[in-house]
Amino acid sequence: MENNKDCTMFFDRKNIPPQLLWQLYKNLLLSRLIEEKMLVLLRQGKISKWFSGIGQEAISVGATLAMQNDEWIMPLHRNLGVFTSRNMPLHKLFMQWQGNKNGYSKGRERSFHFGSKEHFICGMISHLGPQLAIADGVALAYKLKKEKKVSLAFTGDGGTSEGDFHEALNVAAVWDLPVIFVIENNGYALSTPVHEQYRCDGLVDKARSYGMEGVRIEGNNVLEVYDTIHGVREYCIRKQKPYLVECMTFRMRGHEEASGIKYVPEKLFEEWAEKDPIKRYEEYLLSQQLFLPDEIENVKTEIRKYIEKELSIGFHATAMAVDTSEELHDVFYSSLPKKTKSSVHKHIRKSETSSGSHVVRDIRFVDAIREGLQQSMRNNDNLVLMGQDIADYGGVFKVTEDFVNEFGKERVRNTPLCESAIVGAALGLSLEGFKSVMEMQFADFVSVGFNQVVNNLAKIHYRWGQNADVVIRMPTGGTVNAGPFHSQSNEAWFIHTPGLKVVYPSTPADAKGLIIAAINDPNPVIFFEHKALYRKITGDVDEVYFETEIGKARQVCEGNDISIITYGLGVHWALDYAAQHSEVSFDVLDLRTLLPLDYDAIKASVNHTGKVLVLHEDTLTGGVGGEISAWICEHCFELLDAPVMRCASLDTPVPFNAELEKNFMADSRLHSYIQKLLNY
Ligand SMILES: Cc1ncc(C[n+]2csc(CCOP(=O)(O)OP(=O)(O)O)c2C)c(N)n1
């Protein structure tokens, strides 16, 4: 090791060539000088929040330069050096921080909560930990494509306490994924010191418990960071394994600029000022006569000028012109379908249909889903299935039984018990052009993957233009005497989340057509499958590969006394009731998709009868029935002959006892609602 006598840090340049030493220096400087300028602008009220990474720059810069430019990085709020080291144009970054339309998130996201596909940077969500599992998914994509690449995700010391940290590291270890997890241990998580955050000696100790290698390094030493990540990267590729790197550093400013630093002892600032990553590195370069003082001064002047120039472009950007229609249309990714095997098959179906050569069979609901999945797997080489026990065991409902024999364990993946990480990994796969279907073992368990669904999958396209090509299969619903945690109807949780599509078939034909459509849709789709229908319902299903359009309801039967607007098991309740009450003429509408709703079909049904009952298995308060009812009142008031009524399940958890559950279920009150409407 070469010792720079004037400082407390040891620098070892190893074989790093002078151009790279210089590049590291320039990138450190750029990051620091931008930050210093931002702090001035913040005081002048020209930008809003700022999370400072001053003192931690060596980690972002060293790590980014040790990666290839087309390898994904998942940065957080103190990683300016990642963005600048990937050469993102500074004026566009300024526009981003000002919330300008020409920034990376079109003004929709603040500070560092944005990504750029072009730069292989995945934008964070505020919740910190979810970044880690996305890196798993990207690494899985590299592995499946047999590419010699790694992904890299950052976390702070605080973030390591989140369940997402545990899940992501565990999945990476179990699946042998080439991911580098970098902890920036800067002493505090907001005001919480590390001794209130964890009890192990060092966070790197956690690596061993996951069965992965780890190392703790001096995070303020840019050469140490660069050299470590460079070596770790090669290790991850060669061994196809993850690696944990704990970088010791210090946060030299407040959590964010407005929050102050009173809780940090002064002495720590003094100690860490001595280890300033830029000052020390600069001294090293000069002491080794690698560069001359003039060169250093000149580059500082050059960078300052560059910042001013780019800033003025940013400040002269056109002011935001709000366009509501553009906002609404940018929630989902839309593209013309690519010429994939699937479109070829769709074409085949049409010709087969017209020549009458296709075969329709009477099959069970569960078999229809299975067939849709199987044909999708055959048609999309880039489709991966993930879920607990879905491989050899075939899933608890046997939907994927034998799939592993046809498609192999790489594409039919058993997962550890970690819903959040698997949803995150699905998103990571999507970043690299894969499609995925995740099976929630029971829809109830989505609650432990909820954040990734509603905040990452749902919002990512609107936030920075990246789509989430993910389907989550949700075996749902009650009437199976399974108690509160294996019977819930939780579709309303998702209907309230812009950016998701929510699909809920009630027949075998729709189950097949809609699962295929959901897989072909490049957006996140929450796909509900009622467990009670799996083996109870059969119906005609075309054997060819076909899609049923998402967003279109189906008129099940036409009538003129009462409309029953429903979905899922409700469709069968309505049909059974209608069969037993031929004296009443029912117009039954099967919604099939709950987000987006087919308002045209709803209006047409109201028009047929003037009396509407919205029927669903979900509980009453806050259920989708409330939304439909409000919409009808607002848009079809003149067509109504009675108040819109909702028949839903009791506002209690789903009880276990068969009699209690029967009483809970909406259909136990169906007759009285129909009578009320008839008599109105
Ligand atoms: C799930 C969640 N809980 C709380 C917060 C609020 N919060 C934002 S940053 C932060 C501290 C994070 O500390 P650490 O992970 O050590 O990173 P650092 O800010 O020190 O870089 C907290 C508590 C959050 N963003 N997300």
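What counts, and at which threshold
Residues numbered from 1 in each chain as written. Predicted model: local features only at pLDDT ≥ 70, side-chain atom pairs only at ≥ 80, totals over all residues. Heavy atoms only, no water. Helix = DSSP H or I, 4+ residues; strand = E, 2+ residues; numbered from the N terminus. Contact = heavy atoms within 4.5 Å. Phe/Tyr/Trp six-rings, centres within 6.5 Å; stacked < 30°, edge-to-face > 60°. Buried < 20%, exposed > 50% of the residue type's maximum accessible area, 1.4 Å probe, protein only. Lys NZ or Arg CZ within 6 Å of the ring centre and 35° of its normal. Pairing = 2+ DSSP bridges. Axes fitted to C-alpha atoms, helices over the stretch in contact; angles between N-to-C directions. Lys, Arg positive; Asp, Glu negative; His and termini not counted. Salt bridge = Lys/Arg side-chain N within 4 Å of Asp/Glu carboxyl O. Polar contact = N/O pair within 3.5 Å; in protein donor to acceptor, adjacent residues only side chain to side chain. Near = heavy atom within 4 Å. Areas by Shrake-Rupley, 256 points an atom, 1.4 Å probe, with all protein chains shown as cover. pLDDT = per-residue confidence, 0-100. Parallel < 35°, antiparallel > 145°, perpendicular 65-115°, else oblique.

K.L.:
Outline the environment of Leu190, listing residues and values.
P.N.:
Tracing the chain through its elements places Leu190 in the loop between strand 6 (188-189) and strand 7 (192-193). The sequence separation of Leu190 and Met386 amounts to 196 residues, and the corresponding C-alpha distance is 36 Å. Excluding anything up to four places from it in sequence, Leu190 contacts Arg251, His255 and Tyr263.

K.L.:
Now, about the packing of aromatic side chains: what can you tell me, with residues and values included?
P.N.:
All chains considered together, the criterion is met by 32 aromatic pairs. For the ring pair Phe11 and Tyr281, a centre distance of 5.7 Å and an interplane angle of 45 degrees mean the geometry is tilted. Of this pair, Phe11 sits in strand 2 (residues 10-11) while Tyr281 sits in helix 10 (residues 277-287); the two residues are 270 residues apart in sequence, bridging distant segments of the chain. When the ring of Phe397 is compared with that of Phe442, the centres are 5.3 Å apart and the planes differ by 70 degrees; the resulting orientation is edge-to-face. Pair noted here: Phe397 is in the loop between strand 11 (383-387) and helix 15 (403-411) and Phe442 is in the loop between strand 13 (435-439) and helix 17 (450-457), with a separation of 45 residues, a long-range link. The buried category is assigned to Phe397, whose relative accessible area is 15%. Clustering of aromatic rings is evident, with ring pairs tying together Trp50, Phe83, Phe94, Trp97, Tyr104, Phe112 and Phe114. In this structure, Lys398 packs its charged tip against the face of Tyr393, placed 3.5 Å from the ring centre. Positioned above the aromatic ring of Phe332 is the side chain of Lys501, whose terminal nitrogen or guanidinium carbon lies 5.0 Å from the ring centre.

K.L.:
A description of the sheet that holds strand 20 (residues 586-590) should follow, citing residues and the corresponding values.
P.N.:
Strands sit in the order 18-20-19-22-23 across an open sheet of five strands; the sheet is mixed. Strand pairing shows two members of the sheet lacking a second neighbour, strand 18 (554-557) and strand 23 (645-649), which therefore form its edges. Averaged over all adjacent pairs, the angle separating strand axes in this sheet is 25 degrees, with direction ignored. Pairing geometry for strand 18 and strand 20, over three bridges, is antiparallel. Note that in strand 20 the partner of Gln555 across the bridge is Leu589.

K.L.:
Can you lay out the side chain of Glu167 for me, pointing to particular residues and giving the numbers?
P.N.:
Residue placement: Glu167 occurs in helix 6 (residues 163-174). Buried Glu167, no salt bridge; nearest opposite-charge side chain is Lys206, N-O distance 14 Å. Of the polar contacts made by the side chain of Glu167, one reaches the backbone nitrogen of Ser420; its length is 3.2 Å. When near neighbours in sequence (up to four residues on either side) are disregarded, Glu167 contacts Cys418, Glu419, Ser420 and Ala421.

K.L.:
Help me get a handle on the site of the ligand, residues and values and all.
P.N.:
Surrounding the ligand, one finds 15 residues, the nearest of these being His77, Arg78, Ser126, Gly158 and Gly159. Contact distances for the ligand include 3.2 Å between an oxygen atom and a backbone N or O atom of Asp157. Backbone polar atom of Gly159 to an oxygen atom of the ligand: 2.8 Å apart, as the coordinates give it. Contact with the protein chains hides 70% of the accessible area of the ligand, taken as 580 Å² for the molecule alone.

K.L.:
Provide a residue-level description of the sheet that holds strand 4 (residues 151-156), including the pertinent values.
P.N.:
Reading across from one edge, 3-4-5-9-8 is the order of the five strands in this open sheet, with parallel pairing throughout. Edge positions in the open sheet fall to strand 3 (73-74) and strand 8 (213-218), since each of these has one partner strand only. Bridge count for strand 4 against strand 5 (residues 179-185) is six bridges, and the pairing is parallel. Paired with Ala153 across the two strands is Phe181, which belongs to strand 5.

K.L.:
Give me the lowdown on the confidence of the model for the protein chain, citing residues and values where you can.
P.N.:
Residues at a pLDDT of 70 or more form 96% of the protein chain, whose mean pLDDT is 95. Ignoring residues within four places in sequence, the model shows residues 1-6, a span with pLDDT below 50, making 17 contacts including any to other chains. Predicted confidence for residues 338-354 stays below pLDDT 50, and this span has 20 contacts to residues more than four positions away or in other chains.

K.L.:
Could you give an account of the pattern of salt bridges, naming the residues involved and the relevant values?
P.N.:
Counted under the stated rule, the structure contains 35 salt bridges. Across the pair Asp276 and Arg32 runs a salt bridge whose closest N-O atoms are separated by 3.0 Å. Residue Asp276 is found in the loop between helix 9 (266-273) and helix 10, and its partner Arg32 is found in helix 1 (residues 18-43); the two are separated by 244 residues along the sequence. A relative accessible area of 11% means that Arg32 is categorised as buried. The partner of Arg554 in a salt bridge is Asp590, with the nearest N and O atoms 3.2 Å apart. Of this pair, Arg554 sits in strand 18 while Asp590 sits in strand 20, placing them 36 residues apart in sequence. The network of salt bridges with shared partners includes Lys106, Arg108, Glu327 and Asp330.

K.L.:
Can you break down the side chain of Thr566 residue by residue, with the values?
P.N.:
Structurally, Thr566 is set in strand 19 (residues 562-566). Judged by its relative accessible area of 0%, Thr566 falls in the buried class. One polar contact links the side chain of Thr566 to the main-chain carbonyl oxygen of Leu615, over a distance of 2.8 Å. Contact partners of Thr566, with chain neighbours within four places excluded, come to Val571, Ala574, Val588, Leu589, Asp590, Leu591 and Leu615.

K.L.:
Would you mind going over the packing of helix 16 (residues 419-431) against helix 17 in detail, with residue names and values included?
P.N.:
It is at 7 Å that the axes of helix 16 and helix 17 come closest, and there the two elements cross at 30 degrees. The pairing of helix 16 with helix 17 is recorded here as roughly parallel in orientation. Across the interface between the two elements, Ser420, Val423, Gly424 and Leu427 of helix 16 pack against Gln452, Val453, Asn456 and Leu457 of helix 17.

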